[in-house]
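Descriptive analysis of the structure
Spelled out, the chains give:
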Amino acid sequence: MEAQVVTIDQPFHSAYEKFIEITDHLSSEMAGDKTHSAIEAYLETDGRELLRLLLQDHLDNQGSGRVSDAVCGSDGVVRSHKRDDMETGYKSVFGAVRVARTGYSQRGVANLFPRDAQLNLPARGYSHRLQKRVAAKAAKMSFDEVAKDIDTETAVRLGKRQVEQIVYDAAQDFDAFYAQPCSPALQQYAQAKPIQVLTFDGKGVVMRKEALREATRKKVEARAQQAPRGFARQAKSNRKRMATVAGIYHIDRHIRSPHTVAHHFAPLRLVPSNPPLAPKPVGKKLWASLQKPMKTVIETTFAEGLRRDPEQQAEWVVLVDGDSTQIDYIKKAAQAHGVSVVMILDIIHALEYLWKAAKVRFALDDPQAAPWVAEQIERLLHGQVRPLVRSLRRWATVQGLSPKQREPIDQCTTYLANHIPYLNYPDYLAKGYPIATGVIEGACRYLVKDRMEITGARWGLEGGEAVLKLRALVINGDFDAYWTFHETQEYQRNHQAKFAEMPPARAHLKLVSGGKNG
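The sections below set out a description of the structure shown in this document. All values derive from a computational prediction rather than experimental measurement.

Here is what the cut-offs are and how they apply
- Residues numbered from 1 in each chain as written.
- Predicted model: local features only at pLDDT ≥ 70, side-chain atom pairs only at ≥ 80, totals over all residues.
- Heavy atoms only, no water.
- Helix = DSSP H or I, 4+ residues; strand = E, 2+ residues; numbered from the N terminus.
- Buried < 20%, exposed > 50% of the residue type's maximum accessible area, 1.4 Å probe, protein only.
- Contact = heavy atoms within 4.5 Å.
- Areas by Shrake-Rupley, 256 points an atom, 1.4 Å probe, with all protein chains shown as cover.
- Pairing = 2+ DSSP bridges.
- Salt bridge = Lys/Arg side-chain N within 4 Å of Asp/Glu carboxyl O.
- Expected span 1.5 Å × (residues − 1).

**Looking at the overall build of the chain**
Check the secondary structure of the chain and you find 20 helices and 11 strands. Residue burial in the chain is summarised as follows: out of 518 residues, 45% are buried. Sequence-distant contacts, at least 24 apart, represent 77% of the contacts inside the chain between residues at least 6 apart. Summed over all atoms, the accessible surface of the chain reaches about 26800 Å², with 51% contributed by carbon and sulfur.

This is how it looks when you write it as structure tokens:
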């Protein structure tokens, strides 16, 4: 059978010619001594070019997007002058392609291009598919590494600044995505679990000087003026801006005794060999913000809680780390939203203060330190906060410690005494509430630290905020659903907003609901 001949005026002739070229090359190499790596390298480059030609031929075969004699813009002006040679282009994951299009114009107003809307062409010349790949990589690695990876995978060259701009644009619909009605799965979680947990923390991020909050920036400038030449730039203090980290999830009750919980913080020999399994959080959503004040992040979390549990059927538990400003904002947000909450001081933070006190009471590496801390934790879990505070202060006084020596003891006792309203652990345990902020502590590490503290990274405010949003989407398992939503929003911003009536080829496009947490 003779091979089919495709003429230049037939669809996909360029791609077909490339396909024949590739198959001829592979056939000629079958008897050769090429390694599998050499063959794959050839296919990786020429195969990508074949895919680019398929995309290009497809675009060429679709015409220029002429829809009628005139097009009316959203400004009410009718564009009746048509030009069919107003070509544009964009870079896809396969390489650069061009798009033939008809432009509709009228004196004094911007041109309209129905085909741009029909294809939902990107505003910045990089396909949404390519932008998605950049955004997903930027959530995990530095912008320079993203540019290198994209070059390797697609042969599209991006500069660091171009990567940054794609990332900024990619994250812009984060708030709108999570403002959508709850998905059925999330509603089931909220209805099935008796406890809804809100939790907050903070994590510092090294920033460029212009991105620091005003008070911190002034300290940096003052230090630079006072320090000897060459030393100011080496100083490490006052370089960070605090990111507020927030989380919300649903969980079953986990009723346990103070004695059982205390064993988890005791020396290993006291821990039960088969401790009861704790229930796992479901419907978990985590996010962090450098840009928004702590007050706004907390208010947003309460709004998310009401979105999930509008009738307040669940018990609302708020886990705190003891920050007085944070606690004040939580109280105000609860009052503003008409929500009753149980505020609980994280037991791990209390444990850290007890260890500070232990370092005063015991010598370094003294084996009695751990059993002593375990004993104090059990006293806390039994609700003996005031006796514990009194005994620690009395011991420091009896020992005749100087103010400097007893400082860790005073820090511990002041911390516990100031938070007595949130230390009713016997009641919390009896009702099956969580008392540890492991979820948010983990988020500070893998949501913020693991990406934001890449060696040498110093963040601008816009870039840091965008990356935190993208990381949250990935960690929450919502990235793919978000990207579908984002493309729809891009269509509305870049195209639908310009037309009085949309070209019919895109009339089917509708808003896409969120993912499991949307």
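After that view, the rundown keeps rolling.
**So, the pairing of strand 9 (residues 282-289)**
Here strand 9 lies mainly inside the structure; seven of its eight residues are buried. Direction of pairing for strand 8 (residues 240-251) relative to strand 9: antiparallel, over a ladder of six bridges. In the strand pairing of strand 9, Ile248 is matched with Lys285.

**Looking at the pattern of salt bridges**
Tallied over the entire structure, the rule returns 29 salt bridges. Linking Glu153 and Arg133 is a salt bridge whose minimum nitrogen-to-oxygen distance equals 3.7 Å. Here the residue Glu153 occupies a position in helix 5 (residues 143-154), and Arg133 occupies one in helix 4 (residues 128-138), the gap between them amounting to 20 residues. Close ionic contact of Lys292 with Asp175 constitutes a salt bridge, the shortest N to O distance being 3.0 Å. With Lys292 in the loop between strand 9 and helix 11 (294-308) and Asp175 in helix 7 (residues 174-178), this pair connects stretches of sequence that are 117 residues apart. Ionic contacts of the salt-bridge type, sharing partners, join the residues Arg133, Lys137, Asp149 and Glu153 into one network.

**Comments concerning helix 19 (residues 461-475)**
Given 3.6 residues to a turn, an α-helix orients residues that are three or four positions apart in the same direction. For helix 19, with 15 residues, the first-to-last C-alpha span of 21 Å sits near the 21 Å given by 1.5 Å per residue. Helix 19 sits mainly inside the fold: 11 of its 15 residues count as buried. Positive backbone phi, approximately 75°, marks Gly477, located one or two places after helix 19.

**Looking at the environment of Met502**
Locating Met502 in the fold gives a position in the segment after helix 20 (479-494). Separated by 430 residues in sequence, Met502 and Cys72 place their C-alpha atoms 9.4 Å apart. Those residues in contact with Met502, other than ones at most four positions away along the chain, are Ala117, Tyr491, His495 and Gln496.

In short, geometric facts, not functional conclusions.
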